[in-house]
Amino acid sequence: MRTSRISRDTKKISTLAASRSYQRPLRQARTLSNPPIRDFSLNALDARRVARGTGRESELEYIKNNGNNVSGSESELSSVPEDSGDEYTETAAAAAKSRKRKREQSASPVAASVKREIKEISLTAIASPKRKATTTKARRAPAQKQAKTVKTFASAVEKIEPPPQWEEIYALAREMRNEHVAPVDTMGCESLADRNTTPRNQRFQTLVSLMLSSQTKDTVTSVAIKGMQDNMTGGFNLESVLAMEPTTLNAFIAKVGFHNLKTKYIKNTAEILRDKWNSDIPDTIEGLTSLPGVGPKMAYLCMSAAWGRDEGIGVDVHVHRITNLWAWNKTKQPEETRKALQSWLPKDRWHDINNLLVGLGQTICLPVGRKCGECKLASRGLCPSAITNTAIKANKEKMIIKAEDTGGTSL
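Residues numbered from 1 in each chain as written. Predicted model: local features only at pLDDT ≥ 70, side-chain atom pairs only at ≥ 80, totals over all residues. Heavy atoms only, no water.

K.L.:
Would you explain the overall build of the protein chain in this entry?
P.N.:
When helices and strands are tallied, the protein chain shows 22 helices and two strands. Per-residue burial for the protein chain yields a buried fraction of 31% across its 411 residues. In the protein chain, 58% of the contacts between residues at least 6 apart in sequence involve partners at least 24 apart. Counting only carbon and sulfur atoms, one obtains 53% of the accessible surface of the protein chain, whose full area is about 28,800 Å². (Helix = DSSP H or I, 4+ residues; strand = E, 2+ residues; numbered from the N terminus. Buried < 20%, exposed > 50% of the residue type's maximum accessible area, 1.4 Å probe, protein only. Contact = heavy atoms within 4.5 Å. Areas by Shrake-Rupley, 256 points an atom, 1.4 Å probe, with all protein chains shown as cover.)

Below you can see the structure in the form of structure tokens.
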């Protein structure tokens with residue numbers, strides 16, 4: 001006989017309910033399942049005390065002798081009738097003992113012997129995870145087209161190979177310098193010392209000329225030196241500068257750039273020369289650069305002009321600027337230019353290159369408005385920074401076209 005779907009589902013539900021009805025109910029705490037009933041009737045202890053007529057001492061003695069039995073009496077026993085006496089108390093105590101015995105027997109021995117242990121581990125005992133060593137790759141140096149660096153282990157100084165065609169460039173620059181007289185040729189610091197005085201006074205005048213030439217044109221420096229040579233009491237020497245008041249010295253060099261600061265430098269230098277150098281200028285680069293207001297450029301030029309020893313190249317703004325225009329070096333500071341040039345330029349050119357490039361920068365390769373049309377290096381394509389004639393003609397043609405468009409006269 002076919003049964004409907006509803007009847008089948010009803011049968012399953014009834015079967016499931018019947019099976020769940022036989023499940024054992026969860027055990028509840030004794031204090032919740034059978035809460036103690038408190039009333040104003042006497043409990044077992046009070047009944048025993050009243051029956052025996054004892055006080056507080058008998059109560060404590062009873063608790064001592066029947067500690068385990070009395071511990072749960074208050075929660076396990078309900079109120080006791082007044083007429084119940086010792087018989088009821090003894091019966092309740094016996095029932096409590098039997099229940100305690102059953103609980104001890106039913107308790108699992110394994111559960112009683114379980115101990116909870118906590119293992120303490122100090123933080124210092126825990127090893128920190130090791131990091132993987134990261135290796136940083138060295139930055140690859142850019143390739144240089146015109147110069148290669150070669151390290152010499154003896155001197156531990158980088159040596160740069162000479163740029164291509166440097167000798168031809170140097171020779172053409174010397175030709176142009178011989179054709180044009182520059183201010184440095186007649187009014188340079190090397191030629192300002194009085195040749196009629198003693199060598200010691202000439203060296204001192206050369207040093208003072210170099211100190212005044214900083215941030216000053218050669219024409220202004222030469223006028224100041226000439227005025228001190230002609231008008232200074234006792235002549236232009238160390239003793240006269242020491243005896244002179246700072247205001248008087250400042251008046252002699254009033255046309256020089258930063259004359260107030262240079263007055264202090266010259267006075268302090270004169271005192272140092274008197275006290276430490278036997279009234280003469282130092283004969284070493286270290287000694288010259290230790291003087292106030294004297295830098296590397298002045299020191300190398302002074303060593304060459306005053307002592308006749310070429311120990312380095314005097315690099316000023318012209319030498320630094322023109323060598324970078326020629327792509328001989330790519331430097332940002334004059335001191336970097338000096339080290340680069342000294343690494344490859346022959347030593348017999350160290351003294352001449354300063355006069356060569358300073359004069360070229362004063363006549364043709366000017367700081368502003370270079371005359372590339374008159375430069376032999378530009379005409380032969382040896383200067384990478386030259387402004388060619390094609391560019392000059394193109395600029396002129398643009399200016400003519402603009403003038404014609406505006407209705408003006410053509411240039």
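K.L.:
In this structure, what is going on with the side chain of R177? I would like to understand it.
P.N.:
Looking at the element boundaries, R177 is found in helix α9 (residues 166-179). Apart from residues no more than four positions distant in its own chain, R177 is found in contact with A182, V184, D185, N355, L356, G359 and L360.

K.L.:
Even after reading the chapter, I still don't get helix α12 (residues 218-231), so can you show me in this structure?
P.N.:
Count 3.6 residues to each turn of an α-helix, and residues three or four apart come out pointing the same way. Helix length check: α12, at 14 residues, gives a terminal C-alpha distance of 20 Å against a target of 20 Å (1.5 Å per residue), a fit within 8%. When α12 is considered as a whole, its buried residues turn out to be D218, T221, S222, A224, I225, G227, M228 and Q229. Looking at the buried side of α12, the elements it contacts are α10 (183-187), α11 (199-213), α14 (246-252) and α20 (350-363). (Expected span 1.5 Å × (residues − 1).)

K.L.:
Help me understand the environment of P384 in this model?
P.N.:
Within the secondary structure layout, P384 lies in the loop between α21 (376-379) and α22 (389-405). In this structure the C-alpha to C-alpha distance between P384 and L325, which are 59 residues apart in sequence, comes to 7.1 Å. When neighbours within four sequence positions are excluded, P384 is seen to be in contact with L325, W326 and A327.

K.L.:
I would appreciate a short explanation of the packing of aromatic side chains in the present structure.
P.N.:
Within the structure shown, the criterion is met by five aromatic pairs. Taken together, a centroid distance of 6.5 Å and an interplanar angle of 80° make the contact between W166 and Y170 edge-to-face. You can see W166 and its partner Y170 sitting in helix α9, four residues apart, about one turn around the helix. The residues W166 and Y170 share a single accessibility class, namely buried. Note on F204 and F236: the rings are 6.0 Å apart at their centroids and 75° apart in plane angle, and the pair reads as edge-to-face. Of this pair, F204 sits in helix α11 while F236 sits in the loop between α12 and α13 (238-243); the two residues are 32 residues apart in sequence, bridging distant segments of the chain. On the basis of relative accessibility, which here comes to 5%, the residue F204 falls in the buried class. Three or more aromatic residues joined by ring pairs form one cluster here, namely W166, Y170, W326, W328 and W344. Sitting above the plane of the W307 ring, R203 keeps its charged end 4.4 Å from the centroid. Of note, R349 hangs over the ring of Y170, and the distance from its end group to the ring centre comes to 4.7 Å. (Phe/Tyr/Trp six-rings, centres within 6.5 Å; stacked < 30°, edge-to-face > 60°. Lys NZ or Arg CZ within 6 Å of the ring centre and 35° of its normal.)

K.L.:
Just checking my understanding: could you explain the packing of α11 against helix α17 (residues 296-306) for this structure?
P.N.:
The description of two helices packed together rests on the angle between their axes and the distance between the axes. Contact geometry of α11 with α17 gives a least axis separation of 10 Å together with a crossing angle of 150°. Classified by the interaxial angle, the pair formed by α11 and α17 is roughly antiparallel. Between α11 and α17 the crossing geometry is right-handed. On the side of α11, the interface is formed by R203, T206, L207, L210 and M211, while α17 contributes M298, L301, C302, A305 and A306. Grouping the amino acids of the contact of α11 with α17 by side-chain chemistry returns eight nonpolar, one polar and one charged. (Axes fitted to C-alpha atoms, helices over the stretch in contact; angles between N-to-C directions. Parallel < 35°, antiparallel > 145°, perpendicular 65-115°, else oblique. Left-handed = near helix turned anticlockwise from the far one by under 90°. Nonpolar A, V, L, I, M, F, W, Y, C, P; charged D, E, K, R; others polar.)

K.L.:
Quick question: what am I supposed to make of the nonpolar core here?
P.N.:
Core analysis: the biggest nonpolar cluster contains 34 residues, and L207, V208, L212, M228, F236, V241 and I266 have the highest contact counts within it. Breaking this core down by element, the ones donating at least two residues are α11, α12, α13, α15 (259-276), α16 (285-289) and α17. It is α17 that contributes the most residues to this core, seven residues altogether. The contact partners of L207, leaving out residues within four places of it in the chain, are T269, L273, I281, L291, V294 and C302. (Core = buried A, V, L, I, M, F, W, Y, C linked by side-chain atoms within 4.5 Å.)

K.L.:
Even after reading the chapter, I still don't get the pattern of salt bridges, so can you show me in this structure?
P.N.:
Opposite charge on two side chains permits them to pair, given that their charged atoms come into close proximity. Considering all chains together, one arrives at nine salt bridges under this definition. Here E175 makes a salt bridge to K376, at a shortest N to O gap of 3.3 Å. With E175 in helix α9 and K376 in helix α21, this pair connects stretches of sequence that are 201 residues apart. Where E335 meets R338, a salt bridge forms, and the shortest distance between an N and an O atom there is 2.3 Å. Of this pair, E335 and R338 are both found in helix α19 (residues 334-342), three residues apart, which corresponds to roughly one turn of the helix. Among the residues examined, E335 registers a relative accessible area of 29% and is labelled partly exposed. Residues joined by salt bridges that share partners form a network here, namely E175, E179 and K376. (Salt bridge = Lys/Arg side-chain N within 4 Å of Asp/Glu carboxyl O.)

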